[in-house]
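# Coordinates in review
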Amino acid sequence: MEVVIVPDAKAGGELIAGAIGALLSRKPDALLGVATGSTPLPIYQALADKVRTGAVDASRARICQLDEYVGLPAGHPESYRSVVLREVVEPLGLSESSFMGPDGSAEDVQAACEAYDKALAEAGGVDLQLLGIGTDGHIGFNEPCSSLASRTRIKTLTEQTRVDNARFFDNDIDQVPHHVITQGIGTILEARHPILLATGEGKADAVAQTVEGPVASVVPASALQLHPHATVVVDEAAASKLKLADYFRATFAAKPAWQGL
């Protein structure tokens, strides 16, 4: 696991957008897995800026969802499909045909989970998967004690996650769904390059447990330690509880530029 400490969220967004741009230059039709929430917004903003200036050609890129709420009406502004279309697909100038995600409104949700897992494999697999991290260490909606071998499936959200997400629902927790479809940890680990971005002091404990703690289902993000090419990008606040922070800074500073992320 590579840990990169950046000054702030904007710097993290620029760094990761640069990595996406480099990937698209090598593989124009790369499948990019995207996360929702406020943390990845600097990535999407920086990438859209690069596309507008011609620094990055994303015209053939494909986008896939990490997760989706179960039971929100079609077209609900806070469904993750709507959010991804609004924050990623449209700013990059892509069409909806370049986008794939699970069907959270399906009558048979379990079948929808299995279909999405299969669709990711048939698409050639995810080339780069963006991840955030919850205050309890979850990735996607794989809450604490999720199986490290889990596939795309239905999950029940913890009370803490629903509290955290209420800000997207007029601060009304009663509007936040109880269930989601999420890529499982095993599914996420099949991505060729998972990149986790964490910003803010509120994520410091989760980051420290993910990076320096044992691999344990109680901290789902710690499973990234098992991946041969996982990157964790954190700002100074989120890195504040890392015991090896100075080592991480030194190793990244000495890294040859040609290696990229």
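One can find the structure itself at the top, above this paragraph.
The next thing to look at is helix 1 (residues 9-26). In this model, helix 1 (18 residues) spans 26 Å end to end at C-alpha, consistent with the 26 Å of a helix rising 1.5 Å per residue. When helix 1 is considered as a whole, its buried residues turn out to be Gly-12, Gly-13, Ile-16, Ala-17, Ala-19, Ile-20, Gly-21, Leu-23 and Leu-24. Buried residues belonging to helix 1 abut strand 1 (2-6), strand 2 (31-34), helix 2 (41-53), strand 6 (128-131), strand 9 (193-198) and strand 10 (231-235).

Time to look at the sheet that holds strand 2. In spatial order, the strands read 1-10-9-6-2-3-5; together these seven strands make up an open sheet with parallel pairing. Each edge of the open sheet is held by one strand with a lone partner, namely strand 1 and strand 5 (99-100). Here strand 9 pairs with strand 10 via four bridges, running parallel. The residue of strand 10 that forms the bridge with Leu-196 is Val-232. Taken strand by strand, helix 3 (residues 80-89) contacts strand 2, strand 3 (62-65) and strand 5, and its axis lies near 145 degrees from that of strand 3.

The tally for this structure, following the rule as stated, stands at 13 salt bridges. As a salt-bridge pair, Asp-205 and Lys-241 come within 2.9 Å of each other at their nearest N and O atoms. Here Asp-205, found in helix 7 (residues 204-212), pairs with Lys-241, found in the loop between strand 10 and helix 8 (245-253); they are 36 residues apart in sequence, far enough to count as distant. Under the relative-accessibility criterion, Asp-205 is labelled partly exposed at 40%. Taking the relative accessible area as the measure of exposure, Lys-241 reaches 44% and is therefore partly exposed. In this structure, Arg-249 engages Glu-236 in a salt bridge whose closest nitrogen and oxygen atoms are separated by 2.7 Å. Here Arg-249 is found in helix 8, whereas its partner Glu-236 is found in the loop between strand 10 and helix 8, with 13 residues between them in sequence. Through salt bridges that share partners, Lys-27, Asp-127 and Arg-192 make up one connected network.

What counts and what doesn't
Residues numbered from 1 in each chain as written. Predicted model: local features only at pLDDT ≥ 70, side-chain atom pairs only at ≥ 80, totals over all residues. Heavy atoms only, no water. Helix = DSSP H or I, 4+ residues; strand = E, 2+ residues; numbered from the N terminus. Expected span 1.5 Å × (residues − 1). Buried < 20%, exposed > 50% of the residue type's maximum accessible area, 1.4 Å probe, protein only. Contact = heavy atoms within 4.5 Å. Pairing = 2+ DSSP bridges. Axes fitted to C-alpha atoms, helices over the stretch in contact; angles between N-to-C directions. Salt bridge = Lys/Arg side-chain N within 4 Å of Asp/Glu carboxyl O.

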